[in-house]
Amino acid sequence: MVEALRCLPGVGPKSAQRMAYHLLQHDRHGAKRLAAALSGALEVLHHCSRCNNFTEQEICERCLSSRRDPSQLCVIEMPVDLNSMELTHAYNGLYYVLMGRLSPLDGVGPRELAFERLLQRAGDGLVKEVILATNYTNEGEATAHYLSEMLRARGIRVSRIARGVPVGGELEFTDAATVAQALIERRDY
Amino acid sequence: MSAKQRVDAQPAFLLHSRPYSETSLVLDVFSRDYGRVALLARGARRPRSALRGVLIGFQGLELGWFGGGEVKTLARAEWQGGQPLLAGRGLLLGYYLNELLVRLLPREDGHPLLFDAYASALAALAGGAGDAPELRRFEQILLREIGYGLSLAHDAEGAAVDGQLRYRYLVERGPIPVRGDEGMPSLSGKTLLDMAADDYRDPCTQAESKGLMRQLLAHYLNGKPLQSRRVFMELQEF
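Residues numbered from 1 in each chain as written. Chains lettered and ligands numbered in written order. Predicted model: local features only at pLDDT ≥ 70, side-chain atom pairs only at ≥ 80, totals over all residues. Heavy atoms only, no water.

1. A closer look at the sheet that holds strand S4 (residues 93–97) of chain A
All names here are of chain A.
Now for step 1: Taking strand neighbours across the sheet as the criterion, the 4 strands line up as S4-S3-S5-S6 in an open arrangement whose pairing is parallel. In this open sheet, the two edge strands, each paired with only one partner strand, are S4 and strand S6 (157–160). Ignoring strand direction, the axes of neighbouring strands in this sheet form an average angle of 25°.
Now for step 2: Bridge count between strand S3 (residues 69–76) and strand S5 (residues 129–132): 4 bridges; the pairing is parallel. Note that in S5 the partner of Gln 72 across the bridge is Glu 129.
Now for step 3: Of the strands in this sheet, S3 and S4 are in contact with helix H5 (residues 79–87), which crosses S4 at around 160°. (Pairing = 2+ DSSP bridges. Helix = DSSP H or I, 4+ residues; strand = E, 2+ residues; numbered from the N terminus. Axes fitted to C-alpha atoms, helices over the stretch in contact; angles between N-to-C directions. Contact = heavy atoms within 4.5 Å.)

And the structure:
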């Protein structure tokens, strides 16, 4: 059991042991619920055939919603990024979740990320613009670059979320790398 | 090699990092005087960590650390900058350089010459200008620094390389002249001389030197393929 708990991120041998003893000694009911929730989730949750996010249905509710604009497709790395995008209330299009990013040193390439599926999704005829919202890390940038080339080659308009000084941010407290990039990518005003 | 260290303001590049415990990172950095060092960056993954905008690959950093074990503790990190971020194809080539260093360079062995070659290769990749010469130069210096220097001006028997002849390069011995067509891959003496003179203007030299370096690197990597190269090749297929 300790060994099994260690598969969780951030759980070392000590915490795994503490969790195991807690569940067995003080919270057997909680342990049962946890076990049921885990196996239940594994059984019913799978990837949405359109946006690749986790869902219980074949196609998730968001992808089926008629209030969403099917001409915009926003590509993000992880399901948590979807929450950040939704919090903006500034986007009403659809999503595609890559479930990762290109990471050459870790052996994560286009096969592992199933780029082919995204290209198919974006080529459904309804999508007019793909918005690349992968992270502004080197890996996220590499991912965005190659996706943009592949999508453009298929005649799809591609855009990338902007980066720069945060809203309400003061230059004095912004890190130098961000200010430098904001300066390089400055635009007419 | 793991004596107690206290290092400050050391020029370095971040090669790779992986998550460690809830909020930290273990960094693989390439520093100018101490070579590859493993550093624990405490709290670097916290949402408001000041390290977030600093610990970026392919950007000049100035790091301070302390500790005695195999993994030291990062004390201070400052972004040096002055160089645009790598983009597109340059990023993938940058990963290739990083993977070569991670795979071939032993830990805690200073190589200032190689460090400078790495920095100037990155600058060339960021500039987007012809990157082939910079990559070949870097590969050559890397092999020389880890003790596998190439013999380019003289063949395995010690005779001067002749620009008119064709050669076969034997790992750890050097080039030997090929007489007639032996059906083995070979390269021209001119390529070897060009490489010795650091002159990569000739397209034939570029192609043949690339092949030679790939053959030699594959040998020193024990035949285990480079992940960054595989990813790069796969990306070309789309």
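There's plenty left to go through after this.
2. Some details on the domain arrangement of chain B
Residues and elements named next belong to chain B.
Now for step 1: Under the domain assignment used here, chain B contains domain 1 (6–79) and domain 2 (88–237).
Now for step 2: Taking only C-alpha atoms into account, the centre of domain 1 sits 29 Å from that of domain 2.
Now for step 3: Summed over both sides, the interface of domain 1 with domain 2 buries roughly 1,700 Å², with 64% coming from carbon and sulfur.
Now for step 4: Joining domain 1 to domain 2, the criterion identifies 7 residue pairs in polar contact (both at pLDDT 80 or more).
Now for step 5: Elements that contribute at least two residues to the side of domain 1 that touches domain 2 include exactly strand S1 (5–20), strand S2 (24–31) and strand S3 (35–41).
Now for step 6: Class assignment for the residues of the side of domain 1 that touches domain 2 results in 10 nonpolar, 2 polar and 6 charged. (Domains from an automatic or database assignment. Buried area = accessible area lost by both parts, 1.4 Å probe. Polar contact = N/O pair within 3.5 Å; in protein donor to acceptor, adjacent residues only side chain to side chain. Nonpolar A, V, L, I, M, F, W, Y, C, P; charged D, E, K, R; others polar.)

3. Structural notes on unusual backbone geometry
Residue and element names in this part refer to chain B.
Now for step 1: The phi torsion at Ser 21 lies on the positive side, around 45°, for a residue other than glycine.
Now for step 2: Positioned with a positive phi, Glu 108 is a non-glycine residue whose angle comes to about 50°.
Now for step 3: The residue Glu 108 is located in the loop between helix H1 (89–104) and helix H2 (112–127) in this model.

4. Points about the nonpolar core
Now for step 1: Judged by nonpolar contacts, the single largest core of 70 residues is most densely connected at A:Val130, B:Leu97, B:Leu100, B:Leu101, B:Tyr118, B:Phe138 and B:Leu150.
Now for step 2: Per-domain counts for this core show at least three residues from each of domain 1 (6–79) and domain 2 (88–237) of chain B.
Now for step 3: Ignoring any residue separated from it by four or fewer positions in sequence, one finds B:Leu150 in contact with B:Gln140, B:Leu143, B:Tyr169, B:Met195, B:Leu212, B:Met213 and B:Leu216.
Now for step 4: One finds A:Ala177, B:Val29, B:Ile56 and B:Leu61 within the second-largest nonpolar core, a separate group that totals 21 residues. (Core = buried A, V, L, I, M, F, W, Y, C linked by side-chain atoms within 4.5 Å. Buried < 20%, exposed > 50% of the residue type's maximum accessible area, 1.4 Å probe, protein only.)

5. Here we look at the packing of H1(B) against H2(B)
Residues and elements named next belong to chain B.
Now for step 1: Two elements in contact, H1 and H2, have axes separated by 10 Å at closest approach and are oriented at 165°. When the axis of H1 is compared with that of H2, the two are roughly antiparallel. The two elements H1 and H2 meet at a crossing, and its hand is right-handed. Taking contact as the criterion, the partners of Gly 90, Leu 93, Gly 94, Leu 97, Asn 98 and Leu 101 in H1 are, on H2, Leu 114, Tyr 118, Ala 121, Leu 122 and Leu 125.
Now for step 2: Here the contact of H1 with H2 is composed, by residue class, of 8 nonpolar, 3 polar and no charged. (Parallel < 35°, antiparallel > 145°, perpendicular 65-115°, else oblique. Left-handed = near helix turned anticlockwise from the far one by under 90°.)

6. Side note on the interface of chain A and chain B
Now for step 1: Taken together, the contact pairs 28 residues of chain A with 28 residues of chain B.
Now for step 2: The contact between chain A and chain B buries some 2,300 Å² in all, and 67% of this surface belongs to carbon and sulfur atoms.
Now for step 3: The largest share of the area that chain A buries against chain B comes from A:Pro104, A:Leu105 and A:Asn138, three residues that together contribute 30% of it.
Now for step 4: The interface formed by chain A and chain B includes 3 salt bridges.
Now for step 5: For A:Arg111, the salt bridge identified is with B:Glu234, shortest N-O distance 3.3 Å.
Now for step 6: Here chain A is connected to chain B by 7 residue pairs in polar contact (both at pLDDT 80 or more).
Now for step 7: Among the secondary structure elements, those contributing two or more residues to the side of chain A that touches chain B are helix H6 (115–122), helix H7 (138–153) and helix H8 (176–184) of chain A. (Salt bridge = Lys/Arg side-chain N within 4 Å of Asp/Glu carboxyl O.)

7. Here we look at helix H3 (residues 132–145) of chain B
Residues and elements named next belong to chain B.
Now for step 1: In a regular helix each residue adds 1.5 Å, so 14 residues correspond to 20 Å; H3 covers 20 Å between its end C-alpha atoms and thus fits that length.
Now for step 2: Counting buried positions over the 14 residues of H3 gives 11, a clear majority of the element.
Now for step 3: Considered for burial, the residues of H3 that qualify are Ala 132, Pro 133, Glu 134, Leu 135, Arg 136, Phe 138, Glu 139, Gln 140, Ile 141, Leu 142 and Leu 143.
Now for step 4: Looking one or two residues beyond H3, the residue adopting positive phi is Gly 147, at roughly 95°. (Expected span 1.5 Å × (residues − 1).)

8. A few points about the packing of aromatic side chains
Now for step 1: If you walk through the whole model with that rule in mind, you get 9 aromatic pairs over all chains.
Now for step 2: Here the aromatic rings of B:Tyr118 and B:Phe138 are separated by 6.0 Å at their centres, their planes lie at 55°, and the arrangement is tilted. In this pair, B:Tyr118 is assigned in helix H2 and B:Phe138 in helix H3, connecting sequence segments 20 residues apart. Taken individually, B:Tyr118 and B:Phe138 each receive the classification buried, so the pair is uniform in this respect.
Now for step 3: Grouping aromatic residues by their ring pairs yields a cluster made of B:Phe13, B:Phe30, B:Phe115, B:Tyr118 and B:Phe138.
Now for step 4: In this arrangement the basic side chain of A:Arg160 is found over the ring face of A:Tyr136, its NZ or CZ atom lying 4.1 Å from the centre. (Phe/Tyr/Trp six-rings, centres within 6.5 Å; stacked < 30°, edge-to-face > 60°. Lys NZ or Arg CZ within 6 Å of the ring centre and 35° of its normal.)

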